[in-house]
Amino acid sequence: MNLAIAIFSSKYDYILLLLSLAICLAGTVFALQTSGKFRKDSSGARTIWLLWTALVMGTSLWAAAVFAISAQVTTAQSGFEMTSILAVLFLAVAGTFASFALSLKKHLRLFLTLSGIVFGSTAAATFMLVERSFKVAGATPADLPSYFWPFVAGAGLGSVLFGLALRTAGKGQIKVSAAIMAVPVAAAFLTAPVTNLPIVPHWFPAGMELLTTSQALTMAVLVSALCAAFTCSGDLLENFRKQAARRAYHHLALQDNLTHLPNRHYVENVAKQLLKEARDNETICAVVLVSLDEFKAINDLHGYSTGDAVLRRMASLFRAQFGDPVVIARFYGDEFLIIDPSVETPDDATALARKVRELARRPIQTENYRLSVQCSIGLAIYPRDGQNLNHLVQRANLAAKQAKAVGGNAIQPYVTGMEENNLWEAALASDLRNATFENQLSLLFQKQNQTQNGRLIGYEALVRWRHAEKGYIPPEDFIPIAERSGIILDIGAWVLREACREAANWDDPVTVSVNVSPYQFSRSDFSGLVSTVLMETGLSPHRLEIELTESTPIEDHERVSQTIEALQKMGIRVAMDDFGTGYSSLNTLQAFPFDKLKVDRVFTQSLETSSQARAILRSAVLLGHSFGIPVIAEGVETEQQLEFLKEVGCQEVQGFLFGKHLLPSQIKSTEKDKHRRAG
Ligand code: C2E
Ligand code: CA
Ligand code: CA
């Protein structure tokens, strides 16, 4: 006799039966709510959510079975075997874990069907095993082959309905979904055979230890209530997880992910303390800036992986040589910063610089080459050359440039007046002043695409400078000079006007992203300029996006905030550019109401080799989620990188994988081609 027939033909406690159904439904609702959270999450937290879901779902299956079986009313002595009933609880949780884990591979239909089969079978097995741990004196247990049907019913309906239930839950209709999910469970339970109860009362032989029915029910209620309470605190857990993501990011953000040396941000904090101590003890402090010579050539000739190997090797040499209290950091690209508070005289500082030069010169054996690297070293001394780290680094940097200018492989202490001698930069700045008038600037456009389907969403405008004599100069060389000299205001205005003019002519009304330096925000009426340009060019404001970089520190917070808000009021979006490389990306993100997060290309490009880079990208996506703004990753060059970004849920991408930069004319002509083909 199976449960369905037994319910009508024998004596049954219908309240317990209804409670069984209620527990099953409530457990499913809780489990689906939890599972909704882990589906959106692709980090390590997903496993925790998965376990959580399984715990709630499995427990409620088990409790529902305990209730349904306890509902049989008998005058014979009865009870549950303690160990076996707990073992079933474990099995129910493990089974639901397996089924939800399988369903994560939902792009494969087969897996979804399989997860439904596992789910239905788990329900059938749970009922069967609870039933068999229920002992009734004088009763004959059902024979094993009769358990075939509950498995068929559970697995069969599960294979069809489980996927449907998850899709319904995905649309937010959790209750409907729970009802669908309860169908295979109910089918497995109702078709299951039950013990043939004795008509006359029986008793167990003396000394048999069993859990009474009421004890088992209490346990079931307690266990499922505990799970429910945990789930309700799920929001707490989620907040905790977000905070953990932020903390992890913060930790990562203090370290350079290639060399694992502290980065600039970290050094800034530590240096304050070191300089304060030096002031209090009236001692000096050496600030050594090491810039590798011809590093770009190493990259160009031998590839980036060799360049990276050189930097890593250099870092480990420095680390091995200089212990506490010396601070070593990767400062910028191919630059290292070494701060030594233990020097006593300027001569000690020079000796330190010599040691650095000697270390750097040691040949490096990579897989295929033996390289010898030289470096230019600038030296500044606290308090003689500056009162704070910024000042000291600036001067050490100037000295290092001088060392480079005389052919490299040199040590150059800072000397007063060096600023005026920095002729190269001065000359370039004066040429740059004319560049806008002499038509030496131009724009290229780079595609931005949706990650999931590759659809074009816009272009980023990138400025180019062709110098009359020196030829092509990359923006990374001239933008900093333009910022220091103020010329960025002219260049920035030109770029904005040109980019909007071009975009207004595109057939495809996609976004145009324009890079803007924080300097432009704080030193001019930037929002006024933007509204004039939009009026002149006729570009609709919602097609314009401003990328604000954080690689130069934002000083005038209030002004920048006001500008961002003014732009947003006009319907323009403002993205935070170069996320992860700035002085304190997290603070910047919190301080300003950005509409988008753009993760720097260094992270995308070291995805395959660096787990830190992967962690940063993951946490950037989580941060985007928690701020409710989309995340775009730049520098995507390979299918593998794209695949990873898809997996972690990064919404937008940009990079050479989608083609090189386009000339303005190429955008229009591809559009015309399309029309020609269509016509
Ligand atoms: P950015 O804003 O991070 O721009 C993206 C840079 O990454 C561009 O370099 C682009 O050529 C490069 N890039 C894009 N996709 C890939 C890829 O798949 N692989 C690799 N290896 N690189 C990729 P670009 O054009 O040399 O610009 C360098 C930086 O100069 C820009 O970095 C931006 O900070 C600045 N910049 C460029 N144009 C302007 C401008 O009009 N105004 C301001 N203020 N800065 C600009
Ligand atoms: Ca940019
Ligand atoms: Ca960038």
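In the block above lies the structure referred to throughout.
Nothing here was measured: the structure is a model prediction, and the numbers come from that model. (Residues numbered from 1 in each chain as written. Chains lettered and ligands numbered in written order. Predicted model: local features only at pLDDT ≥ 70, side-chain atom pairs only at ≥ 80, totals over all residues. Heavy atoms only, no water.)

### Section: the pattern of salt bridges
- Summed over the entire model, instances satisfying the criterion amount to 16 salt bridges.
- Salt-bridge contacts for Glu652 lead to Lys596; the nearest nitrogen and oxygen are separated by 2.6 Å. Here the residue Glu652 occupies a position in strand β18 (residues 652–654), and Lys596 occupies one in strand β16 (residues 596–599), the gap between them amounting to 56 residues.
- Look at the salt bridges and you will find they share partners, linking Glu460, Glu547, Lys598 and Glu634 into a network. (Salt bridge = Lys/Arg side-chain N within 4 Å of Asp/Glu carboxyl O. Helix = DSSP H or I, 4+ residues; strand = E, 2+ residues; numbered from the N terminus.)

### Side note on the sheet that holds strand β9 (residues 411–413)
- Read from one edge to the other, the open sheet built from five strands follows the order β4-β5-β3-β8-β9, with strand pairing classed as mixed. The open sheet is flanked by β4 (327–332) and β9, the only strands paired with a single partner. Adjacent strand axes in the sheet meet at a mean angle of 20 degrees when their direction is disregarded.
- The sheet contact formed by strand β3 (residues 285–292) and strand β8 (residues 375–382) spans eight bridges and is antiparallel. Pairing of Leu289 across the sheet is with Gly378, part of β8.
- Along the sheet face, helix α14 (residues 389–405) touches β3, β4, β5 (335–340), β8 and β9 and points at about 145 degrees away from the line of β8. (Pairing = 2+ DSSP bridges. Axes fitted to C-alpha atoms, helices over the stretch in contact; angles between N-to-C directions. Contact = heavy atoms within 4.5 Å.)

### Some thoughts on the coordination of the calcium ion (ligand 2)
- At 2.2 to 2.3 Å from the calcium ion (ligand 2) lie its protein donor atoms, namely Glu460 (OE), Asn515 (OD1), Glu547 (OE) and Asp577 (OD).
- Site description for the calcium ion (ligand 2): donor spacing in sequence, E-x54-N-x31-E-x29-D.
- Between the calcium ion (ligand 2) and the calcium ion (ligand 3) the interatomic distance amounts to 5.3 Å. With Glu460 in strand β11 (residues 456–467) and Asn515 in strand β13 (residues 511–516), this pair connects stretches of sequence that are 55 residues apart.
- On the basis of relative accessible area, Asn515 is assigned to the partly exposed category, the value being 28%. (Donors = N, O, S within 2.8 Å, 3.2 Å for Na, K, Ca; no water. Buried < 20%, exposed > 50% of the residue type's maximum accessible area, 1.4 Å probe, protein only.)

### Regarding the coordination of the calcium ion (ligand 3)
- Around the calcium ion (ligand 3), the protein contributes the donor atoms Asp578 (OD), Asp600 (OD) and Glu634 (OE), at 1.9 to 2.4 Å from the metal centre.
- On the primary sequence, the residues serving as donors to the calcium ion (ligand 3) are separated as D-x21-D-x33-E.

### Topic: the site of ligand 1
- The environment of ligand 1 is formed by 23 residues, the closest being Gln446, Arg464, Glu637, Phe656 and His661.
- In this structure, Asp577 approaches ligand 1 through a side-chain N or O atom, which is 3.1 Å from an oxygen atom.
- Within the contact set of ligand 1, an oxygen atom lies 2.8 Å away from a backbone nitrogen or oxygen of Phe656.
- If ligand 1 stood free it would expose 800 Å²; the protein chains cover 89% of that surface.
- Breaking the shell around ligand 1 down by element, the ones donating at least two residues are β11, α17 (475–485), α18 (488–505), β15 (573–579) and α23 (601–605).
- Looking at the shell around ligand 1, the element that brings in the most residues is β11, giving four residues.
- A per-class count over the shell around ligand 1 returns eight nonpolar, seven polar and eight charged. (Near = heavy atom within 4 Å. Polar contact = N/O pair within 3.5 Å; in protein donor to acceptor, adjacent residues only side chain to side chain. Areas by Shrake-Rupley, 256 points an atom, 1.4 Å probe, with all protein chains shown as cover. Nonpolar A, V, L, I, M, F, W, Y, C, P; charged D, E, K, R; others polar.)

### What about the state of the cysteines?
- As enumerated under the stated definition, the model contains zero disulfides in all.
- Left without a disulfide partner, Cys285 is nearest to the cysteine sulfur of Cys375, which lies 20 Å away.
- Since its relative accessible area comes to 0%, Cys285 is described here as buried.
- Residue class for Cys375 comes out buried when judged on its relative accessible area of 1%. (Disulfide = S-S within 2.5 Å.)

### Quick look at the environment of Asn587
- Here Asn587 lies in helix α22 (residues 585–591).
- Residue Asn587 is classed as partly exposed on the basis of its relative accessible area, which comes to 43%.
- Between the alpha carbons of Asn587 and Ile481 there is a distance of 26 Å; along the sequence they are 106 residues apart.

That is the geometry; function is a separate question.
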